[in-house]
Each structure stands twice: as C-alpha cells, then as structure tokens.
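Structural overview
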Amino acid sequence: MQVKIVIGTISLMLTMIILGFAALREPSRLEDFTLARQGRQIENGAELFQSQCMTCHGVNGKAEECYDAATGEQIGCAGLPLNYGPLLCEDTSQRMINMNWEGSKPAFIQATISSGRYGTAMPTWAADFGGPLRPDEIEDLVQFVLNWETEELCSAPAFQYEWPATIEELLAEFPEGDAARGKELYVTYGCSGCHGDPEGDSAWAGTGPWQGHLAEEAGTRIEGMSGQQYVYESVLYPNNYIVEQCPTGPCNTPSAMASNNFYARMGDTAEKPQDLVDIMTYLGILP
Amino acid sequence: MATFPEQIREMGVKQAVIAKADEVVERVTAGMNISDIRAALRGDEPRRPNPRLRPHADSFWLHIRPSFYHTEVTHIYPTFRMGWLSTFMFVWETITGIILMIFYTPSPLVAYSNMWNILSNVPLGQLIRNMHRLGAEVMVIVVAMHMLRTFITGSYKKPRQFTWATGIILLVLTLMLSFSGYLLPWDQLAYWALTVFISGAEAAPAPAIINQNVLLILQGAPSLGAGGLLRWYLLHVLLMPLMLGILFFVHYYKVVLHGMSLPPGREEIGEDTAKRVPKNERTYFIPDLLTSELMWSALMTLFLVAGALWLWDAPLETHANPVVTPLHVVAPWYLSWSQGWLKLADKTLVVGFIPALLVAFIVMPYFEVGKSRRYADRRVGLSVAFLFMAFMLVSNWMGTPEYRVASSPDREVSIEILPQEGASTLLAVPYDEMLEGSFLPGQDLGENYPHLNEALADLAHAVLANSCTVGAPKITTIEASEWKECDVVTLENGDKQYNTTFGNDLMPDPYVLLEIEEVQPKLLRLTLVYDVPEPDNPNEFRIQTSWTAYRHADSNYEEECRYANKNC
C-alpha cells in the first residue's frame, strides 16, 4: 500500500509540474494560435477570391487583368481595384470618405461584400441577403482583402491631378491620343464590363449603355456643349448628366458609375490623364 | 457536551483546538478521526469497533461501495480495473466538458469561431479541449476492454446476465456520447462524419415514411443545420450523460449486489462464491482499495494531461461547408467497422444488422447457459469471440481510406500532398524555406532546403504510386528504374486503361509540376499541375488539370505535424 501512496503522490506532483509548464508557455501559444487563425482565414479568403471575385476584380485584385471563367479569354474588369491604396491605406481610407462611411475599415469591406453595391455589377454576396456566402466566408474574404495593405502600397505619396475645367485645357497638356492603347485601357479600366464592346453588337444588354455610336451622339446631348466636353465631364463627374434609358431599364440616379471614381483613378499619377485621352481617341470622340 | 469556550477553559487553547479538529474530521469522514486516518495510512490494524466501516454505513458517497472485497478480485487480474477506469473517464469527461461548455454556443454562426477562441484566447483552452477529446477516445477503449474481459472471464453468466445487458447499453451510450460530441466543433470533419452516419437512418429496414421522419428528427431539418446542431448538443451534454449516469447506477448496483466474480479457476464449476468471503480473504475498501483507486486516478490524470499536451492534438478542420464534400470522408475510428461493412454489403442490410447484433449481445447470457466459466470448457465460445474480434479489426481497416474507392489518380496525388483539410509535409515546410518557382517531383534543391526537398520527395512517391510508364517517363528527377510498367487494358468501348498490380486507371507517364508563387504579402499559392498526354496520341491529353492550395506564413502547420495522431 505504501508503494501505491508513493506512486500516486509522485504522479500528482508530476501532473502539477506539467500543468505549470503548460501555463508558462500559454502567452506565446495563444499568440501563435491568434496568428494561425488569421492566416487560415486569409488562405480560405484567397480560395474564395479565386473562385468568386477574380473574374471582375482581376487576378491580383488590381482590376486590370480579368479572364472569363468559362472560356479563359481576357475580358474587361467589371469590378474596382481592391489591391489599391485609396481603398486600403489609412484607418479611414479615401474610398471610405468618398462613400460617406463612418464605421471601421473591415466593416466597410464586409458591408460592401455582404450587400453588394446597388446599381453596379457588384451583387450581394451574403447568404442573409440572398447571396451564396456564409458569414464566416465573408469574414475570411475581408481578412484576405485587408492583407493587401502593405507599407509598399501605402508609402507612395498621394497624388491627385488637378483636372482642368475644359477638355481643351487637358488637350493642351496631353495633345496626342493613341487609339490602340485606348482600346486596351477600355478593357482594363473595366469600361467594357458595363458598356460592352463598342466595335461589337449594338444590342448590348449590360448595366450601362452601349458606346459604339458615342462619337455621333455625344454632341447632341446638351445644347451648346461639344461632344468632347460632354464625355470628358461624364467620365470625371458621372452625376452631372445622366441619360434616361439604360439597356436594362431607366438608368440609376445617382449614376452607378460614381462609385468607379475615375476622377481619382485616372489622376493618381501625373501621367495617367493620358489614359482618358487615349480612351476618348479610341471611341472616336477625339481625332 | 461541553461548548468550545468551556473546552478551552477546561483543556487550554491547544488541546481544545486539537479536540475540535478531530471532531470536525470525524464528522466529514462520517466516522474516522485523525488518528484513525493516520493508522489507516500507516497500514496498522484498525481499533475495535472498526471505524473504517462506519463511512460505508453513514456517508453518502461510500454507502454504495462495499466495505470489503474478496482479495482474489482486488489484484490486477481479473478485473484490470476497467470498470473503475470507465467510471473515472466518465467523471473526467464531465469535468472537462463543463469547462468547455462555458466557452461554447451551439449555433452554426459561432460554434466554429468558438473553437478558435478556445484555442487562441482561453488560457489552457487547447489543453482542456485536447484532454476532453483524448478522454473520449480513451473512454471508448476502456469501456470496450471492460466488456471484452467480462466476456473472457465468463462474468456475464448467471446470476450476472442483467449486469451484462446494462453494460452493453452503457457501451452503446459511450459510443453515442463520443460521437454526438463529434459534431459540435462544426468543422468539415464533424459535419460530414455526422451527415454520413445519420444518412444511415434513411436506409433502415422500415417503411420510408418512418425512415424519413427519423432522419428529419436527427437532422432537425431537411439538411444538417442550426436545428441539428442544437439537438446534437443537447443529446451530448444532457440526455446521453443523464441516461449514462442512471444506467451506471443500475449497473453498479448489480455489481455490488452479486459481488465481483472470482477468477474462473478459483471456485467450483457452477458455484458463485463471490458474496461468501471468508474473513481471511477480505480486503477492506478503507484503506486498501481506496488507496489503489486514488493511485490509478493520479496515474490516469498524469497520462491524460501529458498525452493531451505532448502526444495528441484534437483535430480542427475548416468550417463546415454543406456544399463541399471532402474526398475521403471517414467515420471516427471506433465506428470505422460500420463504414467497412457499408463497402461490403447493402446499406439496408448493414443498418438492420447493427441493432440485431446489439440485441444478440444483450440476450446472449440468457441463451449461453453453459455452467462453467473456465477457459478450457468454453473453447467454442472463446473461439467465436476471437473470430468476431478479428472480423471487427478487418472491418475497421476496411472502413479507413486505406481501403477505398479511389478517385482519379491526379486527385489522389493532390489530396495527399495538398490536402483539403489539415497539414501535410509540403504545407508544413517552414515558410522561410518556401521558394518561389516551379519544381519537379523528387527535385533536390540543395542543403538549404531540407524540408522542401522532403516534400518534393513525398510528391515523387505519391506520383509514382498513382502512375506507371509505357516507356517514356517525362519527369527527369525521378530515376527511370523507379517507374512501374503499365499493363495496358483495352476496355469494351475501345478506351485504354493503364494499370499496375497496385492500382487501376493510373497516369501513364505524367508530367507533374509544383508551382509556388507569392500572391500577397506572406501568402503563397501552391499549385500542382498535371499534364498526362494520351500515349497513343501525344497531341491529346488524358489528364490536364491543376490543384491549388494557399499557405500563409502564420498558419503554423508545422505545429500540427508534431503530434502522434497527425499523418505528416
């Protein structure tokens, strides 16, 4: 019996020592698991991004390189860039200010994914609102999108080109347009995602009107305004003039294009305004 | 009786306090004072009248325990302490389970993140969870061993048939308790194991209307969801422990009533002398059995704590996903035999056979009425038992993915190297050692990349196991001699299959590439690319697929691979 008492006592003491050892390593273990949890959320978010978001937001989230999921052909990106400083940098990012969002950044992204953006190609994703994703999947996606925020992305000084009031002043600065480059940009800026291929079928049934005959029509929109000035303003300030009929019904007011924010995206470096000139050249509005 | 102040006046403070302490101890132990306890611990003979019997008469906890046992049943043989250990495990599971309940909400919205909260935010949370899960597995083993030894020593025979019957029900309840807890983490492992298991209800040999309604009750909805999780949770924490507790007392009452059966050789055939214990063969509960039980409790606690900390880790897969079925869904190991049977026979037959088998077990002692418990007289019974056990072992093996219906060969390679759930050698390569680029199976990247080399060697093994050669191996980093020759079989429809002794429809001379690229800071995409040209027509592909997984720097798959129950 004495042997049993000794064995029992030693076992109990060893258990206590082991528990003490376990307690000592707890702080670092808890930290590891907190990181691991986030890491695995990002992994799962990456998988969801690949299967659900890439077609519109592009292979690296820059909304530049999009492929049709079925055919593998390159198409215009219907979505906005997510791997993008003005969306991700600062606690209150530029995009949140533009959209009048007063909550936190993760909540902004979560809300946008969950409920979509009405009137644009962005659908609702949360199962609660009729979409395909569970709440935990939305959370994983949020973690994945936030993971694009890096010092490298955010250290670039913020630049905003001061757009002149008239197209003539812009052309004085950027006189030459390149139609071939404009054709590419029409896809990579995502124009074709909503407006279709201007060289293709005029019976386009997307979110925005087909622009194949813009060169003829733009000048007739507003009395006394040139077609060039009309398109110039429409891209930069989409709410200034809204056409009544879009292919799928009355166009949205305010314009769905407002969220695209080309004012900022085409003006975030000193060279970028050239893109607008190229696109307008491609559409036949500029010579 | 004198009051305490009076005692102080009479004996002085010191003596009065000693006397008072003695009185309190005697009340708490329901009969033994301090010197009685010291005498018992020293191994002295008790005084007369024996104070060590009084707790059995007066105390709540000990009145159910016999005050003495036949010395023959107090050794390791014949009981192996299995009954006591089963009880210990039940108490262990209750305590660790109640702690886990504090941090758990049975809702699909939060159950899974509760698990991560337990792991990442509750001090010692992982240890408690591991102890609970490890305890559940150990309890199943202990209860099964208890039943096995009861059969082998013939202790189920008259007058203990009813004890055996309650024991069978306790075994089933133990399995159900363990299995009902399986669903609660709400991960893929849980969701699909349970979905597969309860889909058995649909195949039961009963009218469809009954089957459908049983399934509906088990799932709480047409598919497993919030309602199902809540009712399995309630089964796990309320109904089953309650039933197990009640049945335990019935079982143990019968054990005490009939006494524990002596080793078969110790009594005449047909006699049952367990309750007639001669004075010189008595071993008293206090102090001998109590000491022994406390020692086993301490040893078991040590084993479970150390095991949960260093040897074994409770699994946690990704969030339950009703639309994605993992490739090889497995039942928990203790139900693996049923999965094995499903591969052998018709589902309805299997689902009908299991309750029939249970009933057979329960009524067995009433039909098997041979008087002798001695091994030599029970050759047929023991042989049948061992054959049955062998059958169960084989069934168990057949239930594992080892014995499976293979999917396509490229998929088999993919889930071995980049599994949908859990870690693998490749996922567990330390992040610093991960290299961007394209790699061939078996490629050697030099001494700076030992883990990546090992993972590529694993990839080579997996590729070799799922392919064969028709004479032109395309992966240069694998020795030509390692490829197995294809047996080319032409099917009725003219298609060709490439087989070996080890598998059918393999990849003839595949080209496999592992691509690693960074897609975000600290996030790598790992892609396995398969190009298998048609051997007769090299311009066409038999298989042209890829498989993607992601690896984040902080995901810590390395940690998972340290444990005995992980296969990497």
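The rules behind these values
Residues numbered from 1 in each chain as written. Chains lettered and ligands numbered in written order. Predicted model: local features only at pLDDT ≥ 70, side-chain atom pairs only at ≥ 80, totals over all residues. Helix = DSSP H or I, 4+ residues; strand = E, 2+ residues; numbered from the N terminus. Rg over C-alpha atoms; globule rule 2.2 N^0.38 Å. Buried ≥ 20, exposed ≤ 12 C-beta atoms within 10 Å, placed from the backbone. Contact = placed C-beta atoms within 7 Å. Domains from an automatic or database assignment. Nonpolar A, V, L, I, M, F, W, Y, C, P; charged D, E, K, R; others polar. Core = buried A, V, L, I, M, F, W, Y, C linked by C-beta atoms within 7 Å. Pairing = 2+ DSSP bridges. Axes fitted to C-alpha atoms, helices over the stretch in contact; angles between N-to-C directions. pLDDT = per-residue confidence, 0-100. Parallel < 35°, antiparallel > 145°, perpendicular 65-115°, else oblique. Left-handed = near helix turned anticlockwise from the far one by under 90°.

Before going further, it helps to spend a moment on the overall build of chain A. What chain A contains, in helices and strands, is 14 helices and four strands. Computed over the C-alpha atoms, the radius of gyration of chain A is 26 Å, more than 25% above the 19 Å expected from 2.2 N^0.38 for a compact globule of 287 residues. Sorting the 287 residues of chain A into buried and exposed places 36% on the buried side. Counted over contacts in chain A with a minimum sequence separation of 6, partners at least 24 positions apart contribute 54%.

Our next topic: the overall build of chain B. Secondary structure assignment for chain B yields 19 helices and ten strands. Over its C-alpha atoms, taken along the principal directions, chain B stretches across nearly 105 × 60 × 50 Å. Expressed as a percentage of its 568 residues, the buried residues of chain B come to 33%. Look at the contacts in chain B between residues 6 or more apart in sequence, and 67% of them connect residues 24 or more apart.

This next bit is on the domain arrangement of chain B. Residue and element names in this part refer to chain B. Examined at the domain level, chain B breaks down into domain 1 (4-58), domain 2 (68-267 + 283-399) and domain 3 (409-560). With eight residues of domain 2 at the interface, the matching set in domain 3 holds six residues. In terms of residue class, the side of domain 2 that touches domain 3 is made up of four nonpolar, two polar and two charged.

Contact residues are listed per partner, giving 38 residues for chain B and 36 residues for chain A. Within the residue set of the side of chain B that touches chain A, elements represented by two or more residues are α7 (111-121), α13 (285-311), β8 (511-520) and β10 (537-552) of chain B. Top element by residues in the side of chain B that touches chain A is α13 of chain B. It accounts for 13 residues. Across the side of chain B that touches chain A, the residue classes break down as 21 nonpolar, 13 polar and four charged.

Residue and element names in this part refer to chain A. Along its sequence, chain A is organised into domain 1 (38-155) and domain 2 (167-282). Using only C-alpha atoms to locate each centre, domain 1 and domain 2 end up separated by 24 Å. Taken together, the contact between domain 1 and domain 2 spans 14 residues of the former and 14 residues of the latter. Counted by class, the side of domain 1 that touches domain 2 contains seven nonpolar, five polar and two charged residues.

Another point: unusual backbone geometry. For the bond from Tyr-77 of chain B to Pro-78 of chain B, the omega torsion is 10°, close enough to zero to count as cis. Of note, Pro-78 of chain B is situated in helix α5 (residues 76-79). Here the residue pair Lys-158 of chain B and Pro-159 of chain B is connected by a cis peptide bond, since its omega of 10° sits within 30 degrees of zero. As for its position among the elements, Pro-159 of chain B is in the loop between α8 (125-152) and α9 (161-182). Backbone geometry places Ala-63 of chain A, a non-glycine residue, at a positive phi of 55°. We classify Ala-63 of chain A as buried; it has 25 C-beta atoms within 10 Å. Look at Trp-186 of chain B: it is not a glycine, yet its phi comes out positive at around 55°. Along the chain, Trp-186 of chain B falls in the loop between α9 and α10 (188-199). The buried category is assigned to Trp-186 of chain B, around which 23 C-beta atoms lie within 10 Å.

Let us now look at the nonpolar core. Counting 62 residues, the largest nonpolar core has Leu-141 and Val-145 of chain A together with Ile-417, Leu-418, Leu-426, Leu-459 and Val-463 of chain B as its most contacted members. Take this core: its biggest share by element is eight residues, from helix α18 (residues 450-465) of chain B. Those residues within four positions of Val-145 of chain A in sequence are excluded, and the remaining contacts are Leu-82 and Ile-109 of chain A. If you look at the next biggest cluster of nonpolar residues, it comprises 61 residues, including Tyr-112, Val-138, Val-237 and Val-305 of chain B.

Residue and element names in this part refer to chain B. Taken in spatial order, the four strands of this open sheet run β3-β8-β9-β10, and their pairing is antiparallel. The sheet terminates laterally at β3 (437-439) and β10, the two strands that pair on one side only. This sheet shows a mean twist of 20° between the axes of neighbouring strands, independent of strand direction. Strand direction decides the pairing type here: β3 and β8, joined by three bridges, are antiparallel. The partner of Phe-439 across the bridge, within β8, is Leu-514.

Considering every residue of chain A, the mean pLDDT works out to 88; 99% of them sit at 70 or more. Taking the mean pLDDT of every element in chain A, the minimum, 77, falls on strand β4 (residues 249-250) of chain A and the maximum, 97, on helix α6 (residues 135-146) of chain A.

Now for α7 of chain B. Counting buried positions along α7 of chain B gives eight out of eleven residues, so the element sits mostly inside the fold. Along α7 of chain B, the residues that are buried comprise Ala-111, Tyr-112, Asn-114, Met-115, Trp-116, Ile-118, Leu-119 and Ser-120 of chain B. Contact partners of the buried residues in α7 of chain B: α2 (26-57) and α6 of chain A together with α8 and α12 (226-258) of chain B.

A regular strand places its side chains on the two faces of the sheet in alternate fashion. The pairing of strand β5 (residues 487-490) of chain B with strand β6 (residues 496-499) of chain B spans four bridges and is antiparallel. Paired with Asp-487 of chain B across the bridge in β6 of chain B is Asn-499 of chain B.

Below, the discussion takes up the packing of α2 of chain A against α6 of chain A. Residues and elements named next belong to chain A. Across the interface, α2 lies against α6 with an axial gap of 7 Å and an inter-helix angle of 95°. What the angle tells us is that α2 and α6 run roughly perpendicular. Mapping the contact onto sequence places Gln-38, Gln-41, Ile-42, Asn-44, Gly-45, Ala-46, Leu-48 and Phe-49 in α2 and Glu-137, Glu-139, Asp-140, Leu-141, Gln-143 and Phe-144 in α6. Of the residues contributing to the contact of α2 with α6, the split by class is six nonpolar, five polar and three charged.

This part is about the environment of Glu-176 of chain A. Relative to the assigned elements, Glu-176 of chain A resides in the loop between α8 (167-173) and α9 (179-188). Note: C-alpha distance between Glu-176 of chain A and Gln-274 of chain A (98 residues apart in sequence) is 8.4 Å.

Another point: the packing of helix α1 (residues 4-11) of chain B against helix α2 (residues 13-28) of chain B. Residues and elements named next belong to chain B. One way to put it is that α1 packs onto α2 with a least axis distance of 7 Å and a crossing angle of 135°. Taken together, the axes of α1 and α2 are oblique relative to one another. Considering the relative orientation of α1 and α2, their crossing is right-handed. Facing Phe-4, Gln-7, Ile-8 and Met-11 of α1, the residues of α2 in contact are Val-13, Gln-15, Ala-16, Ala-19 and Lys-20. Considering only residue class, the contact of α1 with α2 consists of six nonpolar, two polar and one charged.

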